[in-house]
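One-letter residues, chain by chain:
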Amino acid sequence: MRSAIYHSFGKPSEVLNIEDTPTLQPNAHEVRIKTLLSPIHNHDLITIQGQYGDKPDLPAIGGSEALGIIDAIGDEVEGLTVGQRVVTASVKNTWAEYFIAFSNMVFAVPDILEDEIASQLIAMPLSALMLLEFMALQSGQWAILNAANGAVGKSFAMLAAARGIHTISLVRRAEAVQELSDLGIKHVIDTSKSDWIDQVRDITGDSQISAAADSLGGSDSNDLLTLLGSGGTLVSFGAMTGGAMVLNPSSLIFKEAVVKGFWGSKTSREMDSINKRRLIKELVERAIHKQLTLPVGAIYSLEDIKQAVSGEVQQGKKGKVLLKV
């Protein structure tokens, strides 16, 4: 089968190549899936660079989420059949014609859901939904997040709104404000404006912000802590600035704030199947009823993998880049 494979860690556009690799047979509790579409996530690229928490053995095939058709089933698999259209995430080797997945990580999707939506339904939206539940947010409460124009940030705002939770989405450019507003996301703030903190306080009024999600680190973490209400939770979700979180101990102490780390991939892998199916059912329903929109930036064939993962394509995208296999 054709696969996008790398033999060493490095720049994705340089180390990835299309090669023929063996088509594997599913073992017990596994299924083999013929890939239709597979998204290119930031964590996929970081993995190829050798900088992610989970380092694969080399050589390795890229990709961690896909939409496909079940092609073969191993022993002791229940509830799945050959020919089913399914989605899966937190898996490996999806940038190939076929890949193997544990059956408890595979979920059938209704025909009404478009391929482009279904193919990216799990990883980022599920992370956003798990983050909402991790924060223990209830209808009517407020949450704030930075780097909100990323895939998780967009999904977080839309899924929160569908649950009646208010959000404030922080971005760094006026163009990003427009991008999120075009998706129907409310309360988007450009932090390049000198009065952005005042804008946040004008929006929330007398209400307290119960939780904050930090994807940046550095001094941006302290900005969120400053806006957090008494007894609020600050969740570290990423460190895009590359710097350590900088927090004012006085704010931390007198607000009695709680700081937690959240790793979506690990949470997804360890979540029991009943809970995961509950969340995925919600994602499917939100997508069908247009409460969750997942933009597509571009679709590339597997053979064009080097271009698809290039900085030119990834940095200028306004939606998820997908691989068609």
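A few points on the structure. Computed from a prediction, not measured in an experiment: that's the story for all the values here.

**A look at the pairing of strand β9 (residues 142-145)**
Both faces of β9 are covered, namely the face carrying Trp142 and Ile144 and the face carrying Ala143 and Leu145. Where β9 meets strand β10 (residues 166-171), four bridges bridge the pair, whose relative direction is parallel. The partner of Leu145 across the bridge, within β10, is Ser169. Traced from β9 through helix α5 (residues 151-162) to β10, the parallel crossover comes out right-handed. With four bridges joining them, β9 and strand β12 (residues 209-214) adopt parallel strand pairing. Counted as the bridge partner of Ala143 is Ala211 from β12.

**Focus: the sheet that holds β9**
Strand order in the open sheet formed by six strands is β11-β10-β9-β12-β13-β14, with parallel pairing between adjacent strands. A strand with exactly one partner marks an edge of an open sheet, and here the two such strands are β11 (188-190) and β14 (258-261). Strand-to-strand, the axes of this sheet are offset by a mean angle of 20 degrees, without reference to chain direction. Here helix α6 (residues 174-182) sits on the sheet and contacts β10 and β11; the angle it forms with β11, its principal contact strand, is near 175 degrees. In the packing of helix α8 (residues 219-227) onto the sheet, the strands contacted are β9, β10, β12 and β13 (228-236), and the crossing angle to β13 comes to about 150 degrees.

**Section: α8**
Where α8 is concerned, the buried positions are Asp220, Ser221, Asn222, Leu224, Leu225 and Leu227. Contact partners of the buried residues in α8: β9, β10, α7 (196-204), β12, β13 and α9 (249-254).

**Quick notes on the packing of helix α4 (residues 123-134) against α5**
Packed helices, taken two at a time, are described by their axes: the angle between them and the distance between them. Relative to each other, α4 and α5 sit at 55 degrees, their axes nearing to 8 Å. One finds that α4 runs oblique with respect to α5. The way α4 lies across α5 gives a crossing that is right-handed. Mapping the contact onto sequence places Met124, Pro125, Ser127, Ala128, Leu129, Leu131 and Leu132 in α4 and Ala151, Val152, Ser155, Phe156, Leu159 and Ala160 in α5.

About the criteria used
Residues numbered from 1 in each chain as written. Predicted model: local features only at pLDDT ≥ 70, side-chain atom pairs only at ≥ 80, totals over all residues. Heavy atoms only, no water. Buried < 20%, exposed > 50% of the residue type's maximum accessible area, 1.4 Å probe, protein only. Helix = DSSP H or I, 4+ residues; strand = E, 2+ residues; numbered from the N terminus. Pairing = 2+ DSSP bridges. Right-handed = clockwise from strand over helix to strand, strands pointing away. Axes fitted to C-alpha atoms, helices over the stretch in contact; angles between N-to-C directions. Contact = heavy atoms within 4.5 Å. Parallel < 35°, antiparallel > 145°, perpendicular 65-115°, else oblique. Left-handed = near helix turned anticlockwise from the far one by under 90°.

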